[in-house]
Structures are given as structure tokens and as C-alpha cells.
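The chain contents come next:
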Amino acid sequence: MFVGHFALGFAAKRAAPKLSLALLFAACQLADIMWPVFVAAGFESVRIAPGITAFTPLDFVSYPYSHSLVALSLWGIVLGSACWLLGASRRASLLIAGLVVSHWTLDFVSHRPDMPIYPGGALWGLGLWNSVPATLIVELFLFGSGVWLYSSATRAKDAVGRWSFVALVLFLLIVYVASFASGPPPSVAAVYWAALVGGLVIVGWSWWTDRHRQAV
Ligand SMILES: [Zn+2]
């Protein structure tokens, strides 16, 4: 899943108005921020296999450290504990931990059975990606709901808060549509560089946008 993860980050702002949208995005996307680093380092692997699903040509051969349920639970405990030690409330820290683990659940719905429970364990996946229309309906519905929850839980302090938010939403949608409409990527390196740079840009952009908005 792609924009579906950001939907949960947007929605979580309503439950934890003091946390920056950047932290909420980083939590729900932590798996996909670590993944390109682990692929580049050779701990995990991906293959370009056009046709493997209708929606994405990526064959996630192995990604136990960034995407297994057990690893994401541990990463959730690490990030949630760090937030708690840095002064976040217990509720907000638990929310962060939950968002990290939520990545597994959403990917489990969309991926073919390639999502590990634990490194070396059984692979799971409901395969929503086998249908482009079903993927778009589910994910855009989630995304629309998340954007609506965030926009109703916050108010722009200035023009940056208004237009940077609109631009961020459009950027996420354009990247989402381009990722499946542009055909298979040229190389695995192009995949991990795009994932890493894109992930960091979106987190930075969300931090900037959120600073120019306030909870209502
Ligand atoms: Zn993922």
C-alpha cells in the first residue's frame, strides 16, 4: 500500500494533536523508510518482475527486517519508547508504536503472500494488488478519509499552512498514480533511491506543513 499508510498518519493527528504530522508519517511509513536502506545494504532483496501483480511490478523477494510482523512490532516498541523517553504521553507513545505495526496490516491486505510473520516464517498476503480498480477504490477511500480527518482536526495558521497542505496531498496522489502508470522501473537501484528520497521528502514536507497549522 502507499497512500493508505499516509491516510493513517493523517487520521492519527486527531487522536494526538500535539504530535507533528512528520512523526505520525514516519511511524506509519517506518517500514518503507528502512526498506530501501536494507535493500541497498544487501540485507533484503527485491526483483523487478512485470506482471507479478496488476498494480506493482515489484517482487518483494525478502524483507524480514523491515516488513515482518515480529520485526515491525519490535521497531514499534523502539520508536514508541523513544517518544515516551523524549516526553510524549503514554497514549501518544502507544499510538506511535501502533502506527508502526499498522504498516504490516495494510501491506498484508495489498501484497500477494510475501509478508513474513517473522524472519524465515510463513508468508501472508490477501493480494488486493491483483486488481487495480479494487486497489484504487480501497486506498483512495482510506486516503480521502485520512485527509478529511486531518483537515478537520487542524486549521491553517497562514497561507503556507493552507497551500503546503493542499500541495502535499496532491504530491502524494501524483506519486501514487505515477508509480503504477509509469511502467516498470529501470533498475533495483532506481527503486530504492526513489523510495528513500521520496520518503524523506514527504516526512520533511509534512513537518513543514504541520508547523504552519494548529489543532482546533
Ligand atoms: Zn511497505
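None of these values were measured; they are calculated from a predicted model. (Residues numbered from 1 in each chain as written. Predicted model: local features only at pLDDT ≥ 70, side-chain atom pairs only at ≥ 80, totals over all residues. Heavy atoms only, no water.)

(A) Inspection of the coordination of the zinc ion at higher detail. Each protein donor to the zinc ion is listed here as Asp 32 (OD), His 67 (NE2), His 103 (NE2) and Asp 107 (OD); together their distances run 2.1 to 2.2 Å. Considering all four donor atoms around the zinc ion, the spread of angles at the metal, 82 to 172°, places the coordination shape in the irregular class. Of note, the donors binding the zinc ion are all from one chain and are spaced D-x34-H-x35-H-x3-D. One end of the pair, Asp 32, is in helix α3 (residues 30-41); the other, His 67, is in helix α4 (residues 64-67), with 35 residues separating them in the sequence. Neither residue differs from the other here; Asp 32 and His 67 are each classed as buried. (Donors = N, O, S within 2.8 Å, 3.2 Å for Na, K, Ca; no water. Tetrahedral: all angles 85-135°; square planar, octahedral: opposite > 155°, others 65-115°. Helix = DSSP H or I, 4+ residues; strand = E, 2+ residues; numbered from the N terminus. Buried < 20%, exposed > 50% of the residue type's maximum accessible area, 1.4 Å probe, protein only.)

(B) Representation of the nonpolar core. Counting 48 residues, the largest nonpolar core has Phe 10, Phe 25, Phe 143 and Leu 172 as the members making the most contacts within it. Ignoring any residue separated from it by four or fewer positions in sequence, one finds Phe 10 in contact with Leu 21, Phe 25, Phe 143, Gly 146, Val 147, Tyr 150, Phe 165, Leu 168, Val 169 and Leu 172. (Core = buried A, V, L, I, M, F, W, Y, C linked by side-chain atoms within 4.5 Å. Contact = heavy atoms within 4.5 Å.)

(C) Structural detail: a nonpolar patch on the surface. Together, Val 70, Leu 74, Ile 77 and Tyr 118 give the surface a local cluster of nonpolar side chains, amounting to about 390 Å² of exposed area. Here Leu 74 lies in helix α5 (residues 69-85). (Patch = residues over 30% accessible without salt bridge, like charges linked within 9 Å, V, L, I, M, F, W, Y side chains within 5 Å. Areas by Shrake-Rupley, 256 points an atom, 1.4 Å probe, with all protein chains shown as cover. Salt bridge = Lys/Arg side-chain N within 4 Å of Asp/Glu carboxyl O.)

(D) View of the state of the cysteines. Within the structure shown, the criterion is met by zero disulfides. No disulfide involves Cys 28; its nearest neighbouring cysteine sulfur is the one of Cys 83, lying 13 Å away. Here Cys 28 falls in the buried class, since its relative accessible area comes to 0%. (Disulfide = S-S within 2.5 Å.)

(E) Region of the structure containing helix α7 (residues 132-153). Counted at 1.5 Å a residue, the expected span for α7 with its 22 residues is 32 Å, and the 31 Å between its end C-alpha atoms agrees. Here α7 has its buried residues at Thr 135, Glu 139, Phe 143, Gly 146, Val 147, Tyr 150 and Ala 153. For α7, the arc enclosing every buried residue in end-on projection is 135°, short of the 170-degree limit, so these residues lie on one face. Of the exposed residues in α7, those oriented more than 90 degrees away from the buried face are Pro 133, Ile 137, Phe 141 and Trp 148. If you follow the buried residues of α7, they end up packed against α1 (3-15), α2 (21-28), β5 (154-156), α8 (159-181), α9 (188-211) and β6 (213-215). Between the side-chain oxygen of the N-cap and the backbone nitrogen of Ala 134 there are 3.1 Å, and the N-cap of α7 in question is Ser 131. (Expected span 1.5 Å × (residues − 1). Arc of directions from axis to C-beta. Polar contact = N/O pair within 3.5 Å; in protein donor to acceptor, adjacent residues only side chain to side chain.)

(F) Structural context of the side chain of Lys 13. With respect to the helices and strands, Lys 13 occurs in helix α1. Here Lys 13 is in contact with Leu 19, Ser 20, Leu 21, Leu 24, Tyr 150, Thr 154 and Asp 210, once residues within four sequence places are set aside.

(G) Broad picture of the side chain of Ser 66. Within the secondary structure, Ser 66 is located in helix α4. Here Glu 44 takes part through its side chain, which lies 2.7 Å from a polar atom of the side chain of Ser 66. A polar side-chain atom of Ser 66 sits 2.9 Å from a polar atom in the side chain of His 67. The residues touching Ser 66, leaving out its near neighbours within four places in the chain, are Ala 31, Met 34, Trp 35, Phe 38, Glu 44 and Leu 72.

(H) Molecular detail of the environment of Ser 131. By the secondary structure assignment, Ser 131 is in the loop between β4 (123-124) and α7. Among the polar contacts listed, one links the side chain of Ser 131 to the backbone nitrogen of Ala 134, at a separation of 3.1 Å.

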